[in-house]
Amino acid sequence: EGCSRCCCSGVSDFCSELHGLVRVPLTVTSSQLTMHVFSQANMTGTTENISQLPDTLQATALVQKHSQTGPYYWAVPALFTGDKLLAYGGKLSYDFTYYEDSSGNVNLEPQIILMGGHGRKMIIYRNVSTPATGQQGRHNIGMTEHEWKYFSSFSDKPVSRADFMSVLSNIEHLLVKASSDNGLKQTRILNISMDIAMEEDGTHAGRERASQIEICDCPSGYAGLSCQECAPGFYRQKIANGPHPLDRACISCQCHNHSSVCDLDTGICQGCQDYTAGDHCELCASGYYGRVN
C-alpha cells in the first residue's frame, strides 16, 4: 500500500511502524452483552424488550414505543469504545438479520456510524449493502479511513486519515443499523468482534501480522502511540482554530511547583503539597499563613 504519512495527532512529523504485533479479535462475553437500541429521534436508547442472549441480541417491534421514528441503531458495548487506535487496519465484524414489514418506508441512513475524537468531536459513517428481510448477512468493515464519509456534510469528501485516527483515539459511540426501513418487526445482531493489534506471543501463534500501526516520537507533554494523550503533569487546553486534529494542546499543570499532577480536562491541581491549597495550589491550606511562591 506504499508509505503513509505520520499522523501523530498533528503534533509530530516523526514516526515509524510498530512491529511485532498480530491481529486478535476483541469479542464480547455474555456478561458484556447489554446493548441499547437508538433512533435519531431518541439518542437515549432503550434496553426494554431486547433479549440479551449469549452471542445473540434481538429487539422486537415493541422497541418502537420508545422511538416512533426509525431507522434504529444498535449501540455496541462499551468494550468497543474509548481509545481504539490499535484497531487501525483491522476489521469490525458482525452478523445481522432484519425482519421487517415490506410496506415500511425504505430509508437511506448510514449503516455504520462512529462518533468521537478529542476536543473537536466528529461523526463519520460508512455505507455497506444489506441483505433482504429475513436473510442473515455478515459485514467485515475495514477500520481505515477508506470509504468513510463525514456525517451531515454537504460534501462527498472522504474522511481524512488524521480525522479517522482522531475518532479512533476516543470512540464515544459505535452504532450499527438495526433496520433498513420503518416497518421493523425484529432485528438481530451477533458475533460482534473488532480486530485489535497485540504483541505476538505463544497464545497468538499463527495470527495475521498487524501492520499500519504507527509509533510516534512525541514532543514534551504528549504520550501514546500517536501522541493522542497528555503526559503526566500536563492537561488539555482548548485552542481556538487549533491546527491539529485534537484541537486541544497539552499544557503543563499550573500548580506553583507544589504539585505535578492535575486533572486532564480542567487543569485543577491534585495533591497540593507544602501546606498549600486551591485549584492551582495558590493558597495556604487551612491553619497556615504566608505567601505561596
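Keep in mind that this is a model prediction, so the values were computed, not measured.

A.B. asks: Explain the overall build of the protein chain to me, please; I cannot follow it from the model alone.
C.D. replies: When helices and strands are tallied, the protein chain shows one helix and 21 strands. Expressed as a percentage of the 293 residues in the protein chain, the buried residues total 46%. Excluding contacts between residues fewer than 6 apart, the proportion of contacts in the protein chain whose partners are at least 24 apart in sequence is 67%. For the protein chain, the exposed surface amounts to about 15000 Å²; the carbon and sulfur share of it is 49%.

A.B. asks: How do you make sense of the state of the cysteines when you look at a structure like this?
C.D. replies: Throughout this description, disulfide means a covalent bond between two cysteine sulfur atoms. Enumeration according to the criterion identifies seven disulfides in this entry. Two residues, Cys-218 and Cys-227, share a disulfide whose sulfurs are 2.2 Å apart. Of note, the bridge from Cys-218 to Cys-227 carries an S-S torsion of about -100° and is left-handed in sense. The class for Cys-227 is buried, based on a relative accessible area of 0%. There is a disulfide in this structure between Cys-255 and Cys-269, and the S-S distance comes to 2.0 Å. The chirality of the disulfide connecting Cys-255 with Cys-269 is left-handed, given an S-S dihedral of about -100°. Within this pair, whereas Cys-255 is found in the loop between β19 (248-252) and β20 (276-277), its partner Cys-269 is found in the loop between β19 and β20, the two being separated by 14 residues in sequence. Neither residue differs from the other here; Cys-255 and Cys-269 are each classed as buried.

A.B. asks: It is not clear to me how the side chain of Thr-276 should be interpreted in this structure. Could you clarify?
C.D. replies: Structurally, Thr-276 is set in strand β20. A distance of 2.6 Å separates a polar side-chain atom of Thr-276 from the backbone oxygen of Gln-273. In this structure, Thr-276 is in contact with His-258, Cys-281, Leu-283, Cys-284, Ala-285 and Val-292, ignoring residues within four places of it in sequence.

A.B. asks: Looking at this model, I keep getting lost on the side chain of Asp-95. Mind explaining?
C.D. replies: Assignment of secondary structure puts Asp-95 in strand β8 (residues 91-100). Given a relative accessible area of 7%, Asp-95 falls into the buried group. Only 2.7 Å separates the side chain of Asp-95 from the side chain of Asn-191, close enough to count as a polar contact. When sequence neighbours within four positions are dropped, the list of residues in contact with Asp-95 reads Gln-136, Gly-137, Arg-138, Arg-188, Ile-189, Leu-190 and Asn-191.

A.B. asks: When you look at the packing of aromatic side chains in this model, what are you seeing that I'm missing?
C.D. replies: Each aromatic ring pair is characterised by the separation of its centres together with the angle its planes make. Under the criterion given, the structure shown has five aromatic pairs. On the basis of an interplanar angle of 85° and a centroid distance of 6.2 Å, the ring pair of Tyr-125 and Phe-151 is categorised as edge-to-face. Note that Tyr-125 is positioned in strand β10 (residues 122-126) and Phe-151 in the loop between β12 (149-150) and α1 (161-169), a separation of 26 residues in sequence. Members of the aromatic cluster, joined through ring pairs, are Tyr-88, Trp-148 and Phe-164.

A.B. asks: In this structure, what is going on with the nonpolar core? I would like to understand it.
C.D. replies: Within soluble globular proteins, side chains that are nonpolar generally end up buried alongside one another. Ranked by internal contacts, the top residues of the largest apolar core, which has 39 residues, are Leu-114, Trp-148 and Leu-174. Every element with two or more residues in this core is listed here: β7 (72-75), β8, β9 (112-116), β10, α1, β13 (171-177) and β14 (184-199). Sort the elements by how many residues they give to this core and β14 lands first, with five residues. With sequence-adjacent residues up to four places away left out, Trp-148 is seen in contact with Ile-112, Leu-114, Ile-124, Tyr-125, Arg-126, Ile-141, Gly-142, Met-143, Pro-158, Val-159 and Phe-164. If you look at the next biggest cluster of nonpolar residues, it comprises nine residues, including Cys-8, Cys-230, Phe-234 and Ala-249.

About the criteria used
Residues numbered from 1 in each chain as written. Predicted model: local features only at pLDDT ≥ 70, side-chain atom pairs only at ≥ 80, totals over all residues. Heavy atoms only, no water. Helix = DSSP H or I, 4+ residues; strand = E, 2+ residues; numbered from the N terminus. Buried < 20%, exposed > 50% of the residue type's maximum accessible area, 1.4 Å probe, protein only. Contact = heavy atoms within 4.5 Å. Areas by Shrake-Rupley, 256 points an atom, 1.4 Å probe, with all protein chains shown as cover. Disulfide = S-S within 2.5 Å. Polar contact = N/O pair within 3.5 Å; in protein donor to acceptor, adjacent residues only side chain to side chain. Phe/Tyr/Trp six-rings, centres within 6.5 Å; stacked < 30°, edge-to-face > 60°. Core = buried A, V, L, I, M, F, W, Y, C linked by side-chain atoms within 4.5 Å.

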